[in-house]
Amino acid sequence: MITLETADDTRALGARIAALVRAGDLIVLDGPLGAGKTVFVQGLAAGLGTAGRVTSPTFVIARVHEGGRLPLVHVDAYRLGGLAEVDDLDLDTDLTESVVVVEWGAGLVEGLADAHLRVQLIRPEADTDGEARVAVLHPVGGDWEQRLSSANLAS
Ligand SMILES: Nc1ncnc2c1ncn2[C@@H]1O[C@H](COP(=O)(O)OP(=O)(O)O)[C@@H](O)[C@H]1O
Ligand SMILES: [Mg+2]
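Please read these numbers as outputs of a predicted model, since none were measured by experiment.

**Re the packing of helix 1 (residues 7-18) against helix 2 (residues 37-48)**
The contact between helix 1 and helix 2 brings their axes to 6 Å, and the two run at 45°. Regarding the angle of helix 1 to helix 2, the classification is oblique. Between helix 1 and helix 2 the crossing geometry is right-handed. On the side of helix 1, the interface is formed by Ala7, Thr10, Arg11, Leu13, Gly14, Ala15, Ile17 and Ala18, while helix 2 contributes Val39, Phe40, Gln42, Gly43, Leu44, Gly47 and Leu48.

Written as structure tokens, this is what we have:
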């Protein structure tokens, strides 16, 4: 468990994960509305060095952020039903050459890759409007566990 006192802490966690990602990686973001999923992606994008602002892609489903170490494909699966066929979104990008991060993706998009990192964001004080968040990182398959350990991010 990682405590994230402020939105900047959540961005900093995204940037630390950015240092670990490779082409073809899938990151699944889990947590309720306002948990900080988009804020996390802002940190991920900053860590990769992509240009441009990261906002919620809710109304466009997916956005590709170029210009960084790797292209970042930011998907909002909220509106995708069933197994989200991100491949069918006809993104102008090869997913195997990108990092794909999916908000609301838990239970939907895991099949896109052999392995993934699930980032669970919890808002313990949701009823009080408190700022603190808690992140739990779930490595699933591949060498995610080792990668997290090497970055001192293993739980
Ligand atoms: N510790 C924190 N981590 C992330 N966001 C925080 C934190 N504290 C406050 N916030 C605020 O909560 C909101 C999170 O929004 P957002 O990232 O869009 O959520 P989601 O994408 O999960 O629906 C932002 O307005 C952000 O500034
Ligand atoms: Mg969001």
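**Points about the pairing of strand 5 (residues 99-103)**
Most of strand 5 is tucked away, with 5 of its 5 residues classed as buried. In strand 5, alternate side chains face the same way, and those of Val99, Val101 and Glu103 on one face and Val100 and Val102 on the other are all buried. Where strand 2 (residues 26-30) and strand 5 come together, 4 bridges link them in parallel fashion. Across the sheet, the residue bridging to Leu29 is Glu103, located in strand 5. Across 5 bridges, strand 4 (residues 72-76) lies against strand 5 in parallel orientation. Bridge pairing in strand 5 places Asp76 opposite Glu103.

**Thoughts on a negative patch on the surface**
On the surface, Glu5, Asp9, Glu125 and Asp127 cluster together into a negatively charged patch. Positionally, Asp127 belongs in the loop between strand 6 (116-122) and strand 7 (133-140).

**Details of the pairing of strand 2**
Along strand 2, 4 of the 5 residues are buried, which leaves the element largely enclosed by surrounding structure. By the bridge criterion, 4 bridges tie strand 2 to strand 6 in an arrangement that is parallel. Paired with Ile27 across the two strands is Leu117, which belongs to strand 6.

**What to know about helix 1**
When the terminal C-alpha atoms of helix 1 are compared, their 17 Å separation across 12 residues agrees well with the 16 Å that a helix rising 1.5 Å per residue should span. Those residues of helix 1 that fall on the buried side of the exposure criterion are Thr10, Leu13, Gly14, Ile17 and Ala18. In an axial view of helix 1, the angular spread of the buried residues amounts to 150°, which keeps them on one side of the axis. Lining the buried residues of helix 1 we find strand 1 (2-4), strand 2, helix 2, strand 6, strand 7 and helix 3 (144-150).

**Re the coordination of the magnesium ion (ligand 2)**
Distances from the magnesium ion (ligand 2) to its protein donors, Thr38 (OG1) and Glu103 (OE), fall within 2.2 Å. One end of the pair, Thr38, is in helix 2; the other, Glu103, is in strand 5, and 65 residues separate them in sequence. For the pair Thr38 and Glu103, a shared accessibility class is recorded, and that class is buried.

Parameters and conventions
- Residues numbered from 1 in each chain as written.
- Chains lettered and ligands numbered in written order.
- Predicted model: local features only at pLDDT ≥ 70, side-chain atom pairs only at ≥ 80, totals over all residues.
- Heavy atoms only, no water.
- Axes fitted to C-alpha atoms, helices over the stretch in contact; angles between N-to-C directions.
- Helix = DSSP H or I, 4+ residues; strand = E, 2+ residues; numbered from the N terminus.
- Parallel < 35°, antiparallel > 145°, perpendicular 65-115°, else oblique.
- Left-handed = near helix turned anticlockwise from the far one by under 90°.
- Contact = heavy atoms within 4.5 Å.
- Buried < 20%, exposed > 50% of the residue type's maximum accessible area, 1.4 Å probe, protein only.
- Pairing = 2+ DSSP bridges.
- Patch = residues over 30% accessible without salt bridge, like charges linked within 9 Å, V, L, I, M, F, W, Y side chains within 5 Å.
- Areas by Shrake-Rupley, 256 points an atom, 1.4 Å probe, with all protein chains shown as cover.
- Salt bridge = Lys/Arg side-chain N within 4 Å of Asp/Glu carboxyl O.
- Lys, Arg positive; Asp, Glu negative; His and termini not counted.
- Charge placed at Lys NZ, Arg CZ, Asp CG, Glu CD.
- Expected span 1.5 Å × (residues − 1).
- Arc of directions from axis to C-beta.
- Donors = N, O, S within 2.8 Å, 3.2 Å for Na, K, Ca; no water.

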